[in-house]
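The chain contents come next:
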Amino acid sequence: MNTLQQEINNARLHKNLITFSYAPSEIKGNGKRYSMSSNFTLEELGCHCSRCSSAERVHFIFHYRLLEVLQLLRNHLGFPVYPNSGYRCIVHPYTIKNPLSNHHKGLAVDISLNGWTILKLIKAVLFLGSLGIENIGIDLKKEFMHIALSSEYGNNRIGVYDYHNSITLKNIKGLL
Ligand SMILES: [Zn+2]
Ligand SMILES: [Zn+2]
């Protein structure tokens, strides 16, 4: 086993925040080799900003529970789940826009909803709810779901919300 994978495995043993650093050149082109869990790789969950693709060494922060939730969701759904964005470093444009972002704290991940049916979406949301995940943002236009371990703003963000207000409890029946 190579050193980086060993380091990832050691970081995972802490069962709290998984944190380590790596050289982007190390994972470029072969990032899929570095497993964070059975189905998710460092390439998928690491910061994708321009600095992090060219810096000498970058940091990775991700909460162990979030990784667990992601893997359990994938197992429950039984089909591939593709993360769009996981950890975002301090110079990631979205972190600059929102320094309180849970992505920066390793507490949030966005997964692609591309090709999903509404029933798959509901199945996923119900399952996440059963795991105690209450911060879920659904963007049907950009086709992604934000899954977070805690609220970014401390309140009023608990529950399933939609960035464009296209889903409400009143009209969700119409989608079915
Ligand atoms: Zn970055
Ligand atoms: Zn997000």
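These lines cover the structure that appears in this document, whether it is placed above or below. Just so you know, these numbers come straight off a predicted model, no measurement behind them.

**Re the overall build of the protein chain**
Secondary structure summary: the protein chain contains eight helices and seven strands in total. Burial status across the protein chain gives 25% buried among its 176 residues. Of the contacts formed within the protein chain by residues at least 6 apart in sequence, a portion of 68% connects residues at least 24 apart.

**As for unusual backbone geometry**
If you check the backbone angles, Lys-15 has positive phi at about 55° while not being a glycine. Structurally, Lys-15 can be placed in the loop between helix 1 (3-12) and strand 1 (17-22). Notably, Glu-143 is not glycine yet its phi reads approximately 55°, a positive angle. With respect to the helices and strands, the residue Glu-143 is situated in the loop between strand 5 (135-139) and strand 6 (144-148).

**So, the nonpolar core**
The biggest cluster of nonpolar side chains holds 31 residues, and the ones touching the most others in it are Leu-45, Phe-62, Val-109 and Ile-147. Breaking this core down by element, the ones donating at least two residues are strand 1, helix 3 (42-45), strand 2 (58-63), helix 5 (64-77), strand 4 (108-112), helix 7 (118-130) and strand 6. Among all residues touching Phe-62, those that are not within four sequence positions of it are Ile-18, Leu-45, Leu-67, Gly-86, Tyr-87 and Gly-106.

**Some remarks on the pairing of strand 4**
Extensive coverage of strand 4 is indicated by the burial of four of its five residues. Bridging between strand 3 (residues 83-85) and strand 4 involves two bridges; their strand directions are antiparallel. Paired with Pro-83 across the two strands is Ile-111, which belongs to strand 4.

**Things to note about helix 5**
Across its 14 residues, helix 5 extends 20 Å between first and last C-alpha, which sits within 8% of the 20 Å expected from 1.5 Å per residue. Within the sequence span of helix 5, burial applies to Leu-66, Val-69, Leu-70 and Leu-73. Projected down its long axis, helix 5 shows its buried positions confined to an angular sector of 100°, all on one face. Residues of helix 5 that are buried make contact with strand 2, strand 4, helix 7 and strand 6. Gly-78, located one to two residues past helix 5, shows a positive phi value of around 75°.

**Here's the deal with the environment of Leu-77**
Inspection of the secondary structure puts Leu-77 in helix 5. On the neighbour-count criterion, Leu-77 (14 C-beta atoms within 10 Å) is partly exposed. Contact partners of Leu-77, with chain neighbours within four places excluded, come to Lys-120, Lys-123 and Ala-124.

**Section: the packing of helix 5 against helix 7**
For any two helices packed against each other, one specifies the crossing angle of their axes together with the interaxial distance. Where helix 5 meets helix 7, the closest approach of the two axes is 10 Å, and the angle between their N-to-C directions is 135°. If you check the angle between helix 5 and helix 7, you find them oblique. Taken as a pair, helix 5 and helix 7 cross one another with a handedness that is right-handed. Taken together, the residues of helix 7 that come into contact with helix 5 (itself represented by Leu-73, His-76 and Leu-77) are Lys-120, Lys-123, Ala-124, Phe-127 and Leu-128.

Conventions used here
Residues numbered from 1 in each chain as written. Chains lettered and ligands numbered in written order. Predicted model: local features only at pLDDT ≥ 70, side-chain atom pairs only at ≥ 80, totals over all residues. Helix = DSSP H or I, 4+ residues; strand = E, 2+ residues; numbered from the N terminus. Buried ≥ 20, exposed ≤ 12 C-beta atoms within 10 Å, placed from the backbone. Contact = placed C-beta atoms within 7 Å. Core = buried A, V, L, I, M, F, W, Y, C linked by C-beta atoms within 7 Å. Pairing = 2+ DSSP bridges. Expected span 1.5 Å × (residues − 1). Arc of directions from axis to C-beta. Axes fitted to C-alpha atoms, helices over the stretch in contact; angles between N-to-C directions. Parallel < 35°, antiparallel > 145°, perpendicular 65-115°, else oblique. Left-handed = near helix turned anticlockwise from the far one by under 90°.

In short, geometric facts, not functional conclusions.
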